[in-house]
Amino acid sequence: MKSGQFAPFPLTKEELENLFDQGFSMHKITKKYRVKWRNVKRMADTWKLNPPMHGNIIKGGVRFKNCSCCKEIKEVNHDNFNKCKKGGKFNLSVCRICNKEKTFRRHQSFKKKCVEYKGGKCIKCGYDKCYASLDFHHRDQAEKDFEISRVEWYKWEKMKHELDKCDCLCRNCHAELHFLESERRFIEGQGPTLLRSE
């Protein structure tokens, strides 16, 4: 065999798929057929097959997974597990319900951290009862690099740099500020106005 060529794979697509359906992991297949793990992985990717992950249970040809968060055994389908954005494979580490809860808690923790960094209250009226009702208003829209609420995965140093361009306002004060800005732009002939309620 020439350098750079792969050894012939001992299994067909149907045989490999059948082994996955029976619950054989790639590690077990490497031991049984004496092939390298990377070759099994390469063929599974080439044929777009989903190997059973660690913790999978096969019952009557149906795959089940033990959620690492709630520890419940659930069938692997769209109702119980999310699919990864890349590759379209199921994300089998946590179930859909646990993933939603973890995401919600992460959002809340991030928002609370940002609010505390900005003083924990509205700079206009002093409101501080619920941090979910506090917003971050960019003082100069031209200096705005990104929306705070959409990039919680950024490094904290980068987030602090953006937060320093903002004022912490409650929802009422924030809406009032934008209303007045819209009216000012209309008077100056730069855009539409919002009708003032009587």
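Residues numbered from 1 in each chain as written. Predicted model: local features only at pLDDT ≥ 70, side-chain atom pairs only at ≥ 80, totals over all residues. Heavy atoms only, no water.

**Overview of unusual backbone geometry**
Moving on, step 1. One non-glycine residue with positive phi stands out, namely Arg34, at about 55°.
Moving on, step 2. Tracing the backbone shows Arg34 in the loop between helix H2 (26–33) and helix H3 (37–46).
Moving on, step 3. Residue classification places Arg34 among the exposed positions, given a relative accessible area of 77%.
Moving on, step 4. Positive phi values are uncommon outside glycine, yet Lys48 reaches one of about 55°.
Moving on, step 5. Mapped onto the secondary structure, Lys48 falls in the loop between H3 and strand S1 (56–59).
Moving on, step 6. Using a relative accessible area of 74% as the deciding quantity, one classes Lys48 as exposed. (Helix = DSSP H or I, 4+ residues; strand = E, 2+ residues; numbered from the N terminus. Buried < 20%, exposed > 50% of the residue type's maximum accessible area, 1.4 Å probe, protein only.)

**Digging into the pattern of salt bridges**
Moving on, step 1. Evaluation of the coordinates by the stated rule reveals 7 salt bridges.
Moving on, step 2. Close ionic contact of Asp135 with Arg171 constitutes a salt bridge, the shortest N to O distance being 2.7 Å. Of the two residues, Asp135 sits in strand S4 (residues 134–138) while Arg171 sits in helix H6 (residues 171–187), which places them 36 residues apart along the sequence.
Moving on, step 3. Asp135 sits in the buried class, given a relative accessible area of 15%.
Moving on, step 4. Taking the relative accessible area as the measure of exposure, Arg171 reaches 45% and is therefore partly exposed.
Moving on, step 5. Here Glu157 makes a salt bridge to Lys160, at a shortest N to O gap of 3.4 Å. Of this pair, Glu157 and Lys160 both sit in helix H5 (residues 156–163), 3 residues apart, which is roughly one turn of the helix.
Moving on, step 6. Exposure remark for Lys160: the relative accessible area of 22% places this residue in the partly exposed category.
Moving on, step 7. If you follow the salt bridges from partner to partner, you end up with Asp145, Glu162 and Lys165 in one network. (Salt bridge = Lys/Arg side-chain N within 4 Å of Asp/Glu carboxyl O.)

**As for the packing of helix H4 (residues 96–117) against H5**
Moving on, step 1. One can describe the packing of H4 onto H5 by two numbers: an axis separation of 11 Å at closest approach and a directional angle of 50°. When the axes of H4 and H5 are compared, the pair comes out oblique. In the crossing of H4 with H5, the sense of the turn from one axis to the other is right-handed. Residues Phe110, Lys113, Cys114 and Tyr117 of H4 touch H5, and the partners they reach there are Trp156, Met159, Lys160 and Leu163.
Moving on, step 2. Tallied by class, residues from the contact of H4 with H5 come to 6 nonpolar, no polar and 2 charged. (Axes fitted to C-alpha atoms, helices over the stretch in contact; angles between N-to-C directions. Parallel < 35°, antiparallel > 145°, perpendicular 65-115°, else oblique. Left-handed = near helix turned anticlockwise from the far one by under 90°. Contact = heavy atoms within 4.5 Å. Nonpolar A, V, L, I, M, F, W, Y, C, P; charged D, E, K, R; others polar.)

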